[in-house]
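Residues per chain, in single letters:
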Amino acid sequence: MPAQTDTLPHSPPAPPEKSDGTDRLRIVPVRRTGQWAAAAAVLALLALVLNSVVRNDAFQWDVVAEYVTTAAVLRGLGLTLWLTALVMVLGFALGTLLAVLRLSANRVLQAVGWGYIWLFRSTPILVQLLFWFNIGALYPEILGVRTVNLLGPVAVAVIGLTLHEAAYAAEVVRGGILSVERGQIEAAQSLGLGPWRRFRRIVLPQAMRSIVPPAGNMLIGTLKGTSIVSIIAVQDLLYSVQLVYHRTYQVIPLLLVATLWYAAVTSLLSIGQHYVERHYARGTAGAR
């Protein structure tokens, strides 16, 4: 008989180690050569423009520095800020009333609100200001009061800008209210909340998320739009620098003074708008 040899059982082969592919493939970041080239070109262009503005003697930066904080310019700036704040407060107060009319179930009230908004959005603000400035030619007397020379330039500016802004504010407020889900209001009604509490606690906080961004844009637009009142001799910021350069004939540097102040105030308002938007966007995807 053949000799039997002891044999050991073969052990099963070890399973191959799993590989994530990094030993064979090398990850190479995407080269954004075009984007970097475009960014470099833009920066180079901005540097050239900035250098041209700073070193161009025609801008007369020494004159700008001389007039930027003069009493006349600061008085004009103060009137511009006061006019902007007053017009926004009155405009949104009237605009809220118009928005309520537009949302009313009464057809007559809806028509009145729609007609007001249509009229004041259809005519240029300059035409409206000139109309109110010459109101005495149409109605020399109202309720026994003579209107000729009754309204000064500042009063005309406040009335004209407020009535104009109210038409746009009404649509901003109406859009904000309509952005609130109907279910939220129905839930508040089921809890027995009255109309005022529903508006203050449920509708308004949620509507503000949609109202604040366009309202901030309106505020900035109103600030710059007040410059149009210079046409009726209201001594705002633009009119104040115009009075100076009509006397000194230094048009460019005085316009730069007004430009710098408008840019500074607009920047501050934009920063404030950002924080207000972030406040009302808490708990949503828009919070940042």
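Small disclaimer: the values here were computed from a predicted structure and weren't measured. (Residues numbered from 1 in each chain as written. Predicted model: local features only at pLDDT ≥ 70, side-chain atom pairs only at ≥ 80, totals over all residues. Heavy atoms only, no water.)

**Digging into the overall build of the protein chain**
No. 1: From N to C terminus, the protein chain includes 11 helices and 2 strands.
No. 2: Relative to its 288 residues, the protein chain shows a buried fraction of 30%.
No. 3: Put simply, of all contacts in the protein chain between residues at least 6 apart along the chain, 73% involve residues at least 24 apart.
No. 4: By element, 65% of the accessible surface of the protein chain is carried by carbon and sulfur atoms, the whole surface being about 19,200 Å². (Helix = DSSP H or I, 4+ residues; strand = E, 2+ residues; numbered from the N terminus. Buried < 20%, exposed > 50% of the residue type's maximum accessible area, 1.4 Å probe, protein only. Contact = heavy atoms within 4.5 Å. Areas by Shrake-Rupley, 256 points an atom, 1.4 Å probe, with all protein chains shown as cover.)

**Here's the deal with the packing of helix H4 (residues 107–122) against helix H7 (residues 153–178)**
No. 1: The N-to-C vectors of H4 and H7 enclose an angle of 125°; their axes lie 9 Å apart at closest approach. Comparing the axis directions of H4 and H7 gives the class oblique. As for how H4 packs across H7, the hand of that crossing is left-handed. For the pair H4 and H7, contact is made by Tyr-116, Ile-117, Phe-120 and Arg-121 and by Leu-163, His-164, Ala-166, Ala-167, Tyr-168, Ala-170 and Glu-171, respectively.
No. 2: For the contact of H4 with H7, the per-class residue count stands at 8 nonpolar, 1 polar and 2 charged. (Axes fitted to C-alpha atoms, helices over the stretch in contact; angles between N-to-C directions. Parallel < 35°, antiparallel > 145°, perpendicular 65-115°, else oblique. Left-handed = near helix turned anticlockwise from the far one by under 90°. Nonpolar A, V, L, I, M, F, W, Y, C, P; charged D, E, K, R; others polar.)

**Looking at the confidence of the model for the protein chain**
No. 1: Residues at a pLDDT of 70 or more form 89% of the protein chain, whose mean pLDDT is 85.
No. 2: The lowest-confidence element of the protein chain is helix H8 (residues 182–190), averaging 76 in pLDDT; the highest-confidence one is H4, averaging 95. (pLDDT = per-residue confidence, 0-100.)

**Brief notes about the packing of aromatic side chains**
Note on aromatic pairs: each is described by the distance of the centres and the angle between the planes.
No. 1: On inspection of all chains with the given rule, the structure shows 4 aromatic pairs.
No. 2: Seen in terms of ring centroids, Phe-59 and Trp-61 are 5.8 Å apart; in terms of plane orientation they differ by 20°. Their pairing is stacked.
No. 3: By relative accessible area, which is 32% here, Trp-61 ends up partly exposed. (Phe/Tyr/Trp six-rings, centres within 6.5 Å; stacked < 30°, edge-to-face > 60°.)

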